[in-house]
Amino acid sequence: MEKRKERIVVLGGGAGGLELACNLAGNNKALVTLVDVNGSHVWKPRLHEFAAGTVDSTLSEMSFYMLAAMRGFTFEQGKVVSIDRQAQTVRLAAVRSQHGAIEGPERDVAYDRLVVALGGVTPDFGTTGVAEHAVRLDEKADADDFRDLFVAAILRSRHSGKPAKVSIVGSGATGTELASHLRVSERGFINQAVLESHQRLLDVVILEAAPEIMPGASDGLRKAVLDRLALLDIDTHTNAKIAAVERDAVVAEGGERWPTDITVWAAGLVGNPCLEHLCDFAMDSKHRIAVDNRLRTTVDERIYALGDAASFKPTPDAVPLPPTAQCASQQAAYLAGAIPKTIAGGTPDHFEYNDQGRLLSLARGGSVGSISPFRSKNDFLVHGQFARAAYQSIQRRHQWSVLGYLRGSVAIFADAISPAKSPALKLHG
Ligand SMILES: Cc1cc2nc3c(=O)[nH]c(=O)nc-3n(C[C@H](O)[C@H](O)[C@H](O)COP(=O)(O)OP(=O)(O)OC[C@H]3O[C@@H](n4cnc5c(N)ncnc54)[C@H](O)[C@@H]3O)c2cc1C
């Protein structure tokens, strides 16, 4: 009798989960199901561009239903609320419409192997006022909210003559890239016809709690980023430990205040809060699921975790890998090989991370990064076209992995020519 196909369920269709579902789907020994709370996938590393309005998010948005039909997996839309490890089922909440009517019932999805790829969120560290008065760029809805606030603030500035003030708390990739892209957006509002070109519509400040911006970056990269931010007239303050965010000001522990129209909270990343309540996973101090060297959770070898939801230490004494799309993608590629091999009775090699460096796109400030080619221990500073190509290659690989080479190449071409065709600065997302 033919053996029943294994049911592999992937929770979360983000940078890592979607690539994994697409690459497992071709396997004839498994039935693959992808679960996501949303009906479409958005490539998270471009959220700052959608927020700034320099790129239209529809170009990077793909329907999970269409992808499922195209790649051969099943898609279940719903919010994951719990996992029953004994029954080997995942409970999904009912799907509700915007008006609260139930569109899909609460249900259980059965699995033989489960992969948790539910991502992470920006923590507020208990700081007063963040939830009420700051925007966090964790999902597309946040980028849409920011863009609405930004357009309204800059229109007010055009009429009042006083620059709109944006304060960004956190000087990592999200903070520095968003700040740079806002300068591009500002230009879209300057009225050339009446020679407003010298008018300043926007003041941007980046506030960092550490003594230097971009904690963890090499000195060379930090200096290159600082030079570019200065060129774009973006203010930076270090040692700024923020105690509270108010409606119209950001307040440091020492009492220093930065008046603000919009505050963006972009300080750090922790695991998705839902991970704590799914079942009895062992978690690290950043609320991520602890996994072993084959990305299996420490409590159940049939359940794996990857990306921002996982805490993987390359060696027992090392710090866990950083929450990046680069890491999520490598872990997805590893599991696309390791899970079928395990099902077939084999023993996969351990997961090995290949750090390809840190790259930033600072809009008119250019692209810059530090890379360590061929697993070298030394970082090399790169900039210009080479850095831009390396930066874009992460999304290009994602598009090819998800759409296949032909469709992926068409999507990449459309993306490349889109900014001229589709300015995204509009009042409604
Ligand atoms: C502005 C910005 C810029 C970035 N730039 C870079 C960069 O240049 N390079 C880089 O490598 N990384 C970058 N990153 C980090 C990168 O986006 C993440 O590390 C990566 O997306 C993590 O992938 P993931 O698959 O673990 O999770 P995600 O991509 O976050 O996907 C998680 C998925 O789970 C779904 N989900 C969440 N909760 C539930 C639930 N309860 N039930 C069902 N579904 C759920 C979500 O809808 C989502 O589809 C950036 C991040 C941001 C915010």
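Residues numbered from 1 in each chain as written. Predicted model: local features only at pLDDT ≥ 70, side-chain atom pairs only at ≥ 80, totals over all residues. Heavy atoms only, no water.

**Here we look at the domain arrangement of the protein chain**
For step 1, the next point in the chain: Here the protein chain is described as being made up of domain 1 (6-121 + 270-343) and domain 2 (130-266 + 358-421).
For step 2, the next point in the chain: Domain 1 and domain 2 are separated by 27 Å when their C-alpha centres are compared.
For step 3, the next point in the chain: Listed by partner, the interface residues are 30 residues for domain 1 and 26 residues for domain 2.
For step 4, the next point in the chain: Interface of domain 1 and domain 2: buried area, both sides summed, is about 2500 Å²; carbon and sulfur atoms make up 61% of it.
For step 5, the next point in the chain: Put simply, domain 1 and domain 2 have 0 salt bridges between them.
For step 6, the next point in the chain: Mapped onto the side of domain 1 that touches domain 2, the elements with two or more residues apiece are helix 1 (17-24), strand 3 (40-42), helix 2 (47-52), strand 4 (61-63) and helix 3 (64-71).
For step 7, the next point in the chain: With 6 residues, helix 2 is the single largest residue contributor to the side of domain 1 that touches domain 2.
For step 8, the next point in the chain: Here the residues of the side of domain 1 that touches domain 2 sort into 16 nonpolar, 8 polar and 6 charged. (Domains from an automatic or database assignment. Contact = heavy atoms within 4.5 Å. Buried area = accessible area lost by both parts, 1.4 Å probe. Salt bridge = Lys/Arg side-chain N within 4 Å of Asp/Glu carboxyl O. Helix = DSSP H or I, 4+ residues; strand = E, 2+ residues; numbered from the N terminus. Nonpolar A, V, L, I, M, F, W, Y, C, P; charged D, E, K, R; others polar.)

**What to know about the sheet that holds strand 13 (residues 134-135)**
For sheets, the rule is that strands pair by backbone hydrogen bonds, running either parallel or antiparallel.
For step 1, the next point in the chain: If you walk across this open sheet you meet the 5 strands as 13-20-14-15-16, and the pairing is parallel. Either end of the sheet is taken by a strand with one partner, and the two such strands are strand 13 and strand 16 (235-237).
For step 2, the next point in the chain: In terms of strand pairing, strand 14 (residues 164-169) meets strand 15 (residues 202-207) through 6 bridges, oriented parallel. The residue of strand 15 that forms the bridge with Ile 168 is Ile 206. (Pairing = 2+ DSSP bridges.)

**Quick notes on the state of the cysteines**
When the sulfur atoms of two cysteines share a covalent bond, that bond is a disulfide.
For step 1, the next point in the chain: Throughout the structure, instances matching the rule amount to 0 disulfides.
For step 2, the next point in the chain: Not engaged in a disulfide, the cysteine Cys 22 finds its nearest cysteine sulfur in Cys 327; these two sulfurs lie 19 Å apart. (Disulfide = S-S within 2.5 Å.)

**Remarks on the nonpolar core**
For step 1, the next point in the chain: Ranked by internal contacts, the top residues of the largest apolar core, which has 58 residues, are Leu 11, Leu 20, Phe 73, Ile 83, Val 116 and Leu 335.
For step 2, the next point in the chain: Tallying contributions element by element places helix 9 (residues 325-343) first for this core, with 8 residues.
For step 3, the next point in the chain: Residues within four places of Val 116 in sequence aside, it is in contact with Leu 11, Ile 83, Leu 275, Leu 278, Phe 281, Ile 289, Ile 303, Tyr 304, Ala 305, Leu 306 and Ala 309. (Core = buried A, V, L, I, M, F, W, Y, C linked by side-chain atoms within 4.5 Å. Buried < 20%, exposed > 50% of the residue type's maximum accessible area, 1.4 Å probe, protein only.)

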